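# Geometric and topological summary
Given next are the chains, with one letter for each unit.
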Amino acid sequence: MNKAGFILRVSNILILLLFIVIIISCATVEKFKRHPDIEQTPIIHTIKTNSLQFVIRGHYIPEYAKKKIVSIANSIVKDITRRFKLKSRNQKIIDLYLSKNSKEYVNILKKTGLGSYQDTMGMYIPKMQLVLADIGISIGNLMHELVHPLLTNDFPEIPLWMNEGIATLYGKAIIKKKRVYYLSNFRIYHVRKAINQNSLPTLKQLAYCKPFIISIKNPEIYYSLSRCLMLYLDRINKLSKFYIDMRKAGFDKLKYEHVLKKHINYSDFKKWIFSNKH
């Protein structure tokens with residue numbers, strides 16, 4: 001084979017490989033059917049990541065508010081992608097519906113068949129590929145809810161306590177020059193009280209706890225402990241590594257316990273809780 005023929009053959013192979021990659025990429029986008037009320041809601045902006053495409057929607061939102069919303073959403077998505085080194089997973093389109101007040105929020109819950117939910121601020125419904133957030137209460141609801149689809153797509157086995165712990169960091173955060181900084185909040189008082197009453201869950205109990213324990217049986221202390229642990233890990237520059245190690249652990253709760261104890265000195269954490277000014 002002469003040189004020209006070899007180059008032509010290599011070029012054809014490369015084109016074929018590129019075509020296959022495109023076909024596979026298109027085929028991996030999860031198909032879903034939007035609810036008509038979501039479909040008819042005006043699009044404010046679209047944000048694309050290496051796996052997810054967020055379609056931000058809302059009714060009658062002023063232009064100045066749209067710009068702020070888009071800027072905040074972009075900052076959160078970029079920060080999470082960078083900080084936790086998110087991997088390219090299943091391609092999904094996520095609708096992000098923003099309500100201006102509680103009345104509109106409750107109304108869209110009823111229209112989409114989610115009226116049985118008691119939540120009044122925001123939620124992520126994976127089977128509908130839908131995020132709801134009431135920004136009339138706080139823009140923090142948008143910041144919090146954006147976290148869930150990003151983390152669950154990257155780390156499908158992520159335990160509820162960790163998912164919520166990280167999401168609550170973003171719900172109460174400030175953005176400066178497109179960088180996100182976590183802040184302490186009222187949940188630190190719940191942890192202080194539990195320490196004083198000798199009722200704070202151990203790291204082993206946290207690692208092995210089931211979702212219903214967090215959401216139903218004793219939500220306040222588990223949510224508060226999770227958030228404070230994530231904030232503590234950030235303060236000692238271990239949050240990113242902790243997340244990556246947990247992701248490697250998959251569904252293994254024994255490994256969760258090992259990762260928690262590897263990155264967290266519980267005695268130091270408790271001292272930090274009381275030294276943290278809030």
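As a reminder, the structure under discussion sits directly above these lines.
Notes on the structure in this doc start here. All values derive from a computational prediction rather than experimental measurement. (Residues numbered from 1 in each chain as written. Predicted model: local features only at pLDDT ≥ 70, side-chain atom pairs only at ≥ 80, totals over all residues. Heavy atoms only, no water.)

### A closer look at the environment of Y124
For Y124, the position within the fold is in strand β4 (residues 122–125). Y124 sits 28 residues away from L96 along the chain, and the two C-alpha atoms are 9.0 Å apart. Beyond its immediate sequence surroundings of up to four residues, Y124 is in contact with I94, L130, V131, E145, H148, P149 and T152. (Helix = DSSP H or I, 4+ residues; strand = E, 2+ residues; numbered from the N terminus. Contact = heavy atoms within 4.5 Å.)

### What about a nonpolar patch on the surface?
A contiguous nonpolar surface patch, about 230 Å² in accessible area, is contributed by I174, Y181 and L183. Inspection of the secondary structure puts I174 in strand β6 (residues 173–176). (Patch = residues over 30% accessible without salt bridge, like charges linked within 9 Å, V, L, I, M, F, W, Y side chains within 5 Å. Areas by Shrake-Rupley, 256 points an atom, 1.4 Å probe, with all protein chains shown as cover. Salt bridge = Lys/Arg side-chain N within 4 Å of Asp/Glu carboxyl O.)

### Focus: the packing of aromatic side chains
Evaluated as defined, the whole model comprises 7 aromatic pairs. Arranged with centres 5.9 Å apart and planes meeting at 85°, the rings of F155 and Y243 form a pair that is edge-to-face. Pair noted here: F155 is in the loop between α5 (140–154) and α6 (160–171) and Y243 is in helix α11 (residues 239–249), with a separation of 88 residues, a long-range link. A relative accessible area of 0% means that Y243 is categorised as buried. Both rings, one in Y266 and one in F269, keep their centres 5.7 Å apart while their planes meet at 5°; by these two values the pair is stacked. Here the residue Y266 and the residue F269 both occupy positions in helix α13 (residues 266–275), the gap between them amounting to 3 residues, near one helical turn. Taking relative accessible area as the criterion, Y266 reaches 16% and is therefore assigned buried. On the basis of relative accessible area, F269 is assigned to the buried category, the value being 0%. Taken together through their ring pairs, the aromatic side chains of Y232, Y266, F269 and W272 make up a single cluster. (Phe/Tyr/Trp six-rings, centres within 6.5 Å; stacked < 30°, edge-to-face > 60°. Buried < 20%, exposed > 50% of the residue type's maximum accessible area, 1.4 Å probe, protein only.)

### A short note on helix α12 (residues 253–263)
Looking at α12, one finds that the buried residues are Y256, E257, V259, L260 and H263. What you see down the axis of α12 is that its buried residues fit within an arc of 165°, all on one side. Here the buried face of α12 lies against α6, α8 (203–208), α10 (219–235) and α11. For α12, the capping residue at the N-terminal end is D252, with a side-chain oxygen 3.0 Å from the backbone nitrogen of L254. (Arc of directions from axis to C-beta. Polar contact = N/O pair within 3.5 Å; in protein donor to acceptor, adjacent residues only side chain to side chain.)

### Thoughts on the sheet that holds β4
Ordered by their spatial adjacency, 5 strands build an open sheet running β1-β2-β3-β5-β4, and the pairing between neighbours is mixed. Strands at the two margins of the open sheet, each flanked by one partner only, are β1 (43–48) and β4. Strand-to-strand twist in this sheet, taken as the mean axis angle between neighbours without regard to direction, amounts to 15°. Here β4 pairs with strand β5 (residues 130–134) via 4 bridges, running antiparallel. Across the sheet, the residue bridging to I125 is L130, located in β5. (Pairing = 2+ DSSP bridges. Axes fitted to C-alpha atoms, helices over the stretch in contact; angles between N-to-C directions.)

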